[in-house]
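Geometric and topological summary
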Amino acid sequence: MHRRRRNLSLKRVAVSSLVVLLLFLLLFASPAVGLEPPDLEPPDGGDGAPGAPGTNGDRDDRDTGTGSDVGSDFDTEFELPEPRHGVEDGFDALWSGYRYDAPSEDASAEEYLTRSSDVYFTEPPGAPDRWNSGEVSRFDGGGANASVHPADAELEDGEVVKDAYVSFFDVSDSTLAQFSDEKQVLYIPRDGEVRAFVDYRVDEATVENHSVEVELVETGEKVSGTGGFTVPYEGVSSGDLVRRDPRDEPIPPDWTPDDETAEMTLRANVTAEWTEGDEAVEETVVVNDTLGVEPYDTSIPPAIAIYGGYPDGDAGVFFLRDEPWSSVEISDDVTVQSNWRFFSARDTDWDSARVSTAEGSTTADETYHPLQVHAYPSRSGVRVEGDGEIKQVVGDSYLPPTLADGLSFDLPSDRYTTTHGFDIRYDGDAGAGDVQMNGILPDTSDGVLPFPDVQRIRATDLTLEVVDEGEDYVEVKVSLVDEDGNPVDTRRDDGYVRIEGRENVETGIDGTETVEISPRPSGGVVAEYVPEPWYEADTPYVGDTDVVNPDNSFDLLDEMGMLSQLFVFLLPFLLAVYFLDRMLSLGIWPPWRRI
């Protein structure tokens, strides 16, 4: 027993010495000189909420691969277009993956950060949509003798209609959410517009008339004319866009709902008319393009919000919505940012447009670059702005996606949890107002009306008492009552009492339980009451902790011995400091004169 106490005293001496040494250094050492990074807000193209540059620190540690629609061979040195379409401010921040020239020595800190790395946004930016709208409006096609198209476009030929195609350019205000390498979802608004290119050429001088009509198949909307075009749509849902598995009818027995995909289909009918002798001839070439999408609506499915009131006056909110969201405004002072962050990058399929004529195919002089907003899971996870603490996060688990080479963002290093819901405790009034949810599409939000009843979360009192002890065991009585002194019976799914290093304990109808702990612990017995989540429990409780020490004896001689050993340990150090001060005139002795 005495040997154990002497070992404990030596440990105390060592710990106490380290504490004194650290205090001495903090109080009397000269402050270090360093550089603080500038407090910058990277540009966002005029809207959205930008974050810091999305670097991983060491670029060799970033995730790379082919899991993103950005493309696995991401050319970082393509020819950057000139700012236009009203997208001038923050233009550089929209081209993630572009390798800029080194900033000049006199560049601003903001320009330096933007050009040195990719930039993420905390809310989906709206500038890429304005850019895409302008790009589509300036595409006129190649005329009757040439077809201008992406390099990988599927070209169709008829007798006189040649190199015909139709191709999606973008869907307005859409966001590509990258959950994992296996799951990527292009979310589109329920009311929006499809932007696309269509072009062809005719191979006969005798062609008298030629025209094209484009239809958005799922909605029946049609437009006419070559070049860039826009097809509006309204109120689409997943059911409107679902295409069953294309295998033979009837539906195979192994078919599942997962085999259904929501798609938008563009169909272009290119018609040419000419005369052969006295006979009028007409030819129609049909071309298609499809795009997998998922309509997004902040009110479908509806979000859930429940208020709770803690005993100390704090408020709690449990929020849940199955579909992704970017942020939730709990009050004027508290906002929860999900683990989704956003960046803007071009579709690499359009980097090298081609011109096809009767003589062959050449590279186009003019290029068109659609921008796409991407959502990715951030390594930093859920973040609270304001005085609040996240108690729990609810979501699905995924392996992080891999991004193409040339993109640099902080992805999780291992499995992560998407933020469907959260439990937050904050300094505020429970039930003070509606909760505001912001979506993952630009300019999408919805007010969430909380449940009318505020859940009262009750305080608890956990106590431990030693009722019996022996050489190899100790019996501890666990007592748990609420703030009114009523016993808490944890057998009714009201949580459990966790004793450190032991199995969980359940209290009975009287709120007590006696536990034998063997072998006897060398120190105190620590217990914690872990209640059910307050938003799920019939009677919400706050947890509590308690500690009891079976061996609470106090030996004055041992304690005096510890102090004497501490003095012996510190004496050489203090003498060294004294003589250094005398020799070098450091002005640090006596150390207590600055206190």
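These remarks concern the structure in this document.

Conventions used here
- Residues numbered from 1 in each chain as written.
- Predicted model: local features only at pLDDT ≥ 70, side-chain atom pairs only at ≥ 80, totals over all residues.
- Heavy atoms only, no water.
- Pairing = 2+ DSSP bridges.
- Helix = DSSP H or I, 4+ residues; strand = E, 2+ residues; numbered from the N terminus.
- Axes fitted to C-alpha atoms, helices over the stretch in contact; angles between N-to-C directions.
- Buried < 20%, exposed > 50% of the residue type's maximum accessible area, 1.4 Å probe, protein only.
- Core = buried A, V, L, I, M, F, W, Y, C linked by side-chain atoms within 4.5 Å.
- Contact = heavy atoms within 4.5 Å.
- Lys, Arg positive; Asp, Glu negative; His and termini not counted.
- Salt bridge = Lys/Arg side-chain N within 4 Å of Asp/Glu carboxyl O.
- Polar contact = N/O pair within 3.5 Å; in protein donor to acceptor, adjacent residues only side chain to side chain.
- Patch = residues over 30% accessible without salt bridge, like charges linked within 9 Å, V, L, I, M, F, W, Y side chains within 5 Å.
- Areas by Shrake-Rupley, 256 points an atom, 1.4 Å probe, with all protein chains shown as cover.
- Charge placed at Lys NZ, Arg CZ, Asp CG, Glu CD.

1. Focus on the sheet that holds strand S21 (residues 360-363)
Strand order in the open sheet formed by three strands is S3-S20-S21, and the pairing between neighbours is antiparallel. Edge strands, defined here as strands with exactly one partner in the open sheet, are strand S3 (147-149) and S21. Geometrically, the sheet is characterised by an average inter-axis angle of 25° between neighbouring strands, direction not taken into account.

2. A few points about unusual backbone geometry
Along the chain, Ile300 connects to Pro301 via a cis peptide bond; the corresponding omega equals -5°. Residue position: Pro301 is located in the loop between strand S14 (294-296) and strand S15 (304-309). Residue Pro519 follows Ser518 across a cis peptide bond; omega there is 0°. With respect to the element layout, Pro519 can be found in the loop between strand S34 (512-517) and strand S35 (525-530). Positive phi, normally seen in glycine, also occurs at His85, with a value near 60°. Residue placement: His85 occurs in the loop between strand S1 (50-53) and helix H2 (109-116). For Asp173, which is not glycine, the phi torsion reads 55° and is therefore positive. Topologically, Asp173 is positioned in the loop between strand S4 (161-171) and strand S5 (175-178). What makes Asp173 partly exposed here is its relative accessible area of 26%.

3. Concerning the nonpolar core
Counting residues in each nonpolar core, the largest one holds 44 residues, and the members touching the most others are Trp95, Phe319 and Ile330. Each residue touching Trp95, except ones within four places of it in the same chain, is listed here: Phe78, Leu80, Pro81, Tyr100, Trp131, Ser344, Arg346, His369 and Leu371. Listed in part, the 34 residues of the second largest apolar core include Ala164, Val198, Val214 and Ala268.

4. Some remarks on the side chain of Asp546
Inspection of the secondary structure assignment puts Asp546 in strand S36 (residues 544-548). Here Asp546 occupies a buried position and makes no salt bridge, while the nearest side chain of opposite charge, Lys477, is found at 12 Å. Within the local environment of Asp546, its side chain forms a polar contact with the backbone nitrogen of Leu464, the two atoms lying 2.7 Å apart. With residues near it in sequence (within four places) discarded, Asp546 still touches Leu462, Thr463, Leu464, Val525, Val526 and Ala527.

5. Considerations on helix H3 (residues 127-137)
The element H3 is largely enclosed, with a buried count of eight among its eleven residues. Every buried residue of H3 is accounted for by Ala127, Pro128, Asp129, Trp131, Asn132, Gly134, Glu135 and Val136. On its buried face, H3 sits against S4, strand S7 (192-202), strand S10 (227-233), strand S19 (340-346) and strand S22 (371-377).

6. Things to note about the pairing of strand S33 (residues 496-499)
Residues Val497 and Ile499 of S33 are buried on one face, while the alternating residues Tyr496 and Arg498, pointing to the opposite face, are not. Examined bridge by bridge, S33 and S35 share four bridges and lie antiparallel to one another. In the sheet register, Val497 faces S35, and the bridge partner there is Tyr529.

7. Here we look at a negative patch on the surface
Where like charges cluster on the molecular surface, the negative patch consists of Glu329, Asp332, Asp333, Asp387, Asp427 and Asp429. One can find Asp387 in the loop between strand S23 (383-385) and strand S24 (388-394). Accessibility expressed as a relative area gives 52% for Asp387, which makes it exposed.

8. A look at the sheet that holds strand S32 (residues 474-482)
Hydrogen bonds between backbone atoms are what pair the strands of a sheet, whose relative direction is either parallel or antiparallel. Taken together, three strands build an open sheet; the order of strands is S31-S32-S34 and the sheet is antiparallel. Of all the strands in the sheet, the pair left with one neighbour each is strand S31 (460-469) and S34. Neighbour to neighbour, the strand axes of the sheet diverge by 25° on average, direction disregarded.

9. Quick notes on the side chain of Arg321
Along the chain, the position of Arg321 falls in the loop between strand S16 (315-320) and strand S17 (327-329). Here the side chain of Arg321 touches Asp297 through a polar contact of 2.4 Å, landing on its backbone oxygen. In this structure, Arg321 is in contact with Tyr296, Asp297, Thr298, Ser299, Ile300, Pro301, Ala303, His420 and Met437, ignoring residues within four places of it in sequence.

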